[in-house]
Amino acid sequence: MNPVPVDQQQPLVEKLYAACGGAYTPEQRRKFFITGPQWAGAYEGNALFHAPTRRPVGFEEIIARYAEIGINYWCTHDSDVIPATVLGKQEQWDIVGQIGEALRKNAMECSMVTTETFFHPVFATSPASESPSIREYAKFRVTNTVAIGHELGASYAVYWPGSLGYYTPGAVEETETLKWYADGLNAACKADLEIAAKKGRPTLKHCMEAKPFEPQGEILLPTSDAMLGFINSGLLEHPEMVGLNPEYLHELMWGGSVRAALARALVNGKLWHFDINDGYRLKHDVDIAVGLVNPLDWLNVLVLLRSHDFHGPFNLDYKPPRTTSTHGVFHVSFPSAIDRFITLWEMAGEVLEDSVIKSATDALKAGGLVTSTDPQDGYAIFEANKELLTLHELIAHRLVQILLGLHKGRVFLL
Ligand code: GCO
Ligand code: MN
Ligand code: MN
């Protein structure tokens, strides 16, 4: 094949993307509570060892592109769209006004706002620093974000305490730091109650997001389970206002089962928001698009969520790869990520309806007929159930068949 001239590259990508088939329409995509973060669309491909590969993209363009794709909801960090120097000032409200206009023009809504408490140099010792002035500044940032959220009509606020931890052990006292972190969340909830009452709006749902490693050496709240413990610790004044925003990859990163982590959030009534993406166990936060690495696990996750009536928000918190161009971000990366999600969601519905899985599950739940009269005879009970237990492996086989489309028949080559 000859080298491809620059002006023929986008048409080639578009032609091959169309040849992939299986795309949903923007109307079909809009049926889902899928949210598009400002920072995902604006990500320029840069990292500690990587120079940017894409140009900066502002909120007007991102909101317009998301709307074309069929994403209904947009979300942002405060400092993604408002320079830190003007936060809380009149210029901030001017920008918020422009954002509101861009959303209205594109029939989009703001679903969630989040405070950046990890990038600014003031957060080098975290938002729960031992320094009172830093903690007061952190309170200003989170309460200001709550005010922005109400102004934009958001329903959720997310907190990722990325810098809550330390590099060198013994430098901070953990119990004190956690108490100071709770003070920040308490200030956000208090401000929320006041603003919501004034505006006649419901309060926001405040959702904590855990990540086990990065950017600190040691993280004080590394998992969703640690956060559940924190929410129920007695340090929060309004634990009923605070829930979880688990991220798929963040639970996988520490080596856990994502589905089991979500189940623990569900039984606590705290699964309120979900960051969807993919990646690898025990590696860094690669934020790959949903379903590109672990589609079978994703299918299982969505079976659990569908069977518990969780319908979102599903937040596309991933990083379009730095090998993808700006054109590719909006014409391949986002639409393909959403469409894989929808396909997996549909497949999860098929799993729940599948007669083989249903019969197998029913039989497992009915259990074997025990004829022994001794309820303490474990061996007899095992014998009475033993043949049924093969159904565990059969169910796993059926799930893979559904994922690969084999349940609809397969043409064998041999
Ligand atoms: C990350 C985090 C963020 C958070 C965001 C919301 O590891 O980069 O996942 O993307 O989701 O900061 O607060
Ligand atoms: Mn992540
Ligand atoms: Mn996230």
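J.: Before we go on, may I ask you to explain the state of the cysteines in this structure?
T.: Formally, a disulfide is one covalent bond, and it connects the sulfur atom of one cysteine to the sulfur atom of another. The tally for this structure, following the rule as stated, stands at zero disulfides. Cysteine C189 is unpaired, with the sulfur of C207 as its nearest cysteine sulfur at 11 Å. Note on C189: relative accessible area 2%, which makes it buried. For C207, a relative accessible area of 0% gives the class buried.

J.: Which parts of the structure should I look at to understand the coordination of the manganese ion (ligand 3)?
T.: The coordination sphere of the manganese ion (ligand 3) contains the protein donors E209 (OE), E247 (OE), D275 (OD) and D317 (OD), at a distance range of 1.9 to 2.2 Å. Relative to the metal, the six donor atoms surrounding the manganese ion (ligand 3) lie at angles of 75 to 168 degrees, and the coordination shape comes out octahedral. Sequence spacing of the donors to the manganese ion (ligand 3): E-x37-E-x27-D-x41-D. A gap of 4.6 Å separates the manganese ion (ligand 3) and the manganese ion (ligand 2), which E247 links by coordinating each metal. Here D275 lies in strand β9 (residues 274-275) and E209 lies in the loop between β6 (205-208) and β7 (218-219), a separation of 66 residues in the sequence. On the basis of relative accessibility, which here comes to 6%, the residue E209 falls in the buried class.

J.: Before we go on, may I ask you to explain the pairing of β6 in this structure?
T.: Looking along a regular strand, one sees side chains alternate from face to face of the sheet. For strand β4 (residues 156-159) and β6, the ladder comprises four bridges, and the chain directions are parallel. For Y156, the partnering residue across the bridge sits in β6 and is K205. As paired elements, β6 and strand β8 (residues 242-244) share three bridges and run parallel to each other. Each residue of the ladder has a partner; that of C207, found in β8, is G243.

J.: I keep staring at the site of ligand 1 and nothing clicks. Help me out?
T.: Neighbouring ligand 1 are 13 residues, the closest being H77, E209, K211, D285 and D317. In the environment of ligand 1, an oxygen atom lies 2.8 Å from a nitrogen or oxygen atom belonging to the side chain of T114. One nitrogen or oxygen atom from the side chain of D317 is found 2.8 Å from an oxygen atom belonging to ligand 1. In isolation ligand 1 offers 330 Å² of accessible surface; the protein chains occlude 94% of this area. Taken together, the residues that form the shell around ligand 1 break down as four nonpolar, three polar and six charged.

J.: It is not clear to me how the packing of helix α1 (residues 9-20) against helix α13 (residues 326-353) should be interpreted in this structure. Could you clarify?
T.: Any two packed helices are characterised by how steeply their axes cross, that is the angle between the axes, and by the distance between the axes. Here α1 crosses α13 at 15 degrees, and the two axes come no closer than 10 Å. By the angle class used here, α1 and α13 are roughly parallel. For the pair α1 and α13, the sense of crossing is left-handed. Contacts between α1 and α13 involve Q10, V13, E14 and Y17 from the first element and H327, H331, V332, P335, S336 and D339 from the second.

What counts and what doesn't
Residues numbered from 1 in each chain as written. Chains lettered and ligands numbered in written order. Predicted model: local features only at pLDDT ≥ 70, side-chain atom pairs only at ≥ 80, totals over all residues. Heavy atoms only, no water. Disulfide = S-S within 2.5 Å. Buried < 20%, exposed > 50% of the residue type's maximum accessible area, 1.4 Å probe, protein only. Donors = N, O, S within 2.8 Å, 3.2 Å for Na, K, Ca; no water. Tetrahedral: all angles 85-135°; square planar, octahedral: opposite > 155°, others 65-115°. Helix = DSSP H or I, 4+ residues; strand = E, 2+ residues; numbered from the N terminus. Pairing = 2+ DSSP bridges. Near = heavy atom within 4 Å. Polar contact = N/O pair within 3.5 Å; in protein donor to acceptor, adjacent residues only side chain to side chain. Areas by Shrake-Rupley, 256 points an atom, 1.4 Å probe, with all protein chains shown as cover. Nonpolar A, V, L, I, M, F, W, Y, C, P; charged D, E, K, R; others polar. Axes fitted to C-alpha atoms, helices over the stretch in contact; angles between N-to-C directions. Parallel < 35°, antiparallel > 145°, perpendicular 65-115°, else oblique. Left-handed = near helix turned anticlockwise from the far one by under 90°. Contact = heavy atoms within 4.5 Å.

These results come straight from atomic positions and should not be treated as a statement about function.
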